[in-house]
Amino acid sequence: MDDDHIMRKKPEAIELEFQDSGESSLVKSTLLSSLQNSEWEHAVRREVKKFLEKAGDDVNAKEVFDAVKDMARREIPQDAKKKLYDQVLEFVTTVNNR
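Just so you know, the residues in each chain are numbered from 1, in the order the chain's sequence is written. The predicted nature of this model means local features are confined to residues of pLDDT at least 70 and side-chain atom pairs, given and counted, to a pLDDT of 80 or more, with totals for whole chains, interfaces and linings taken over all residues. The side-chain figures draw on all heavy atoms in the structure; neither hydrogens nor water molecules are used.

A short note on the nonpolar core
Note on soluble globular proteins: their nonpolar side chains tend to be buried together. This is how it is decided: Throughout this description, the term nonpolar core refers to a set of buried Ala, Val, Leu, Ile, Met, Phe, Trp, Tyr and Cys residues connected via side-chain atoms within 4.5 Å. The rule is simple: take the accessible area with a 1.4 Å probe, protein chains only, and divide by the maximum for that residue type; under 20% is buried, over 50% is exposed, in between is partly exposed. Counting from the N terminus, the helices are DSSP H or I runs at least four residues long and the strands are E runs at least two residues long. Residues are treated as being in contact if the distance between any of their heavy atoms lies within 4.5 Å.
Counting 7 residues, the largest nonpolar core is built from Leu 35, Trp 40, Ala 43, Val 44, Met 71, Ala 72 and Ala 80. Elements with a minimum of two residues in this core: helix 3 (39-55) and helix 4 (61-74). For this core, the element with the highest residue contribution is helix 3, accounting for 3 residues. Residues contacting Val 44, with those up to four places away along its chain left out, are Met 71 and Ala 72. Core analysis: the next-biggest nonpolar cluster, separate from the first, contains 5 residues, Ile 14, Phe 18, Phe 91 and Val 95 among them.

If you want it as structure tokens, here you go:
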């Protein structure tokens with residue numbers, strides 16, 4: 001394996017720098033914007049509404065979350081996943097090459 005494929009920094013150090021640099025907030029903001037501008041948000045809202053209609057009034061937020069989280073994760077658009085992956089990869093590559 002050549003030197004370009006070896007992690008130069010520990011994952012923990014990269015993650016800390018990801019948080020401290022503000023890149024984490026930027027990536028989250030970008031992902032949220034992508035999701036809000038897609039059909040994803042509407043699909044999740046429909047799923048929540050469907051669950052609430054079945055469950056009635058006696059549910060809490062955790063129960064709603066648990067009921068829709070798998071569907072919500074599955075329905076994330078591929079372009080949003082790719083954008084997230086590219087942003088994180090670019091950051092990790094930049095940090096490792098310093």
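Brief notes about the packing of aromatic side chains
As a reminder, the rule being used: Pairing of aromatic side chains here covers Phe, Tyr and the six-membered ring of Trp, requires ring centres within 6.5 Å, and sorts the geometry by plane angle: under 30 degrees stacked, over 60 edge-to-face, intermediate tilted.
Counting across every chain of the model gives 1 aromatic pair. With 5.1 Å between their ring centres and 65 degrees between their planes, Phe 18 and Phe 91 make a pair best called edge-to-face. In this pair, Phe 18 is assigned in helix 1 (residues 11-20) and Phe 91 in helix 5 (residues 78-96), connecting sequence segments 73 residues apart. Since its relative accessible area comes to 15%, Phe 18 is described here as buried. Taking the relative accessible area as the measure of exposure, Phe 91 reaches 10% and is therefore buried.

Everything listed here is a matter of coordinates, which is why it stays silent on function.
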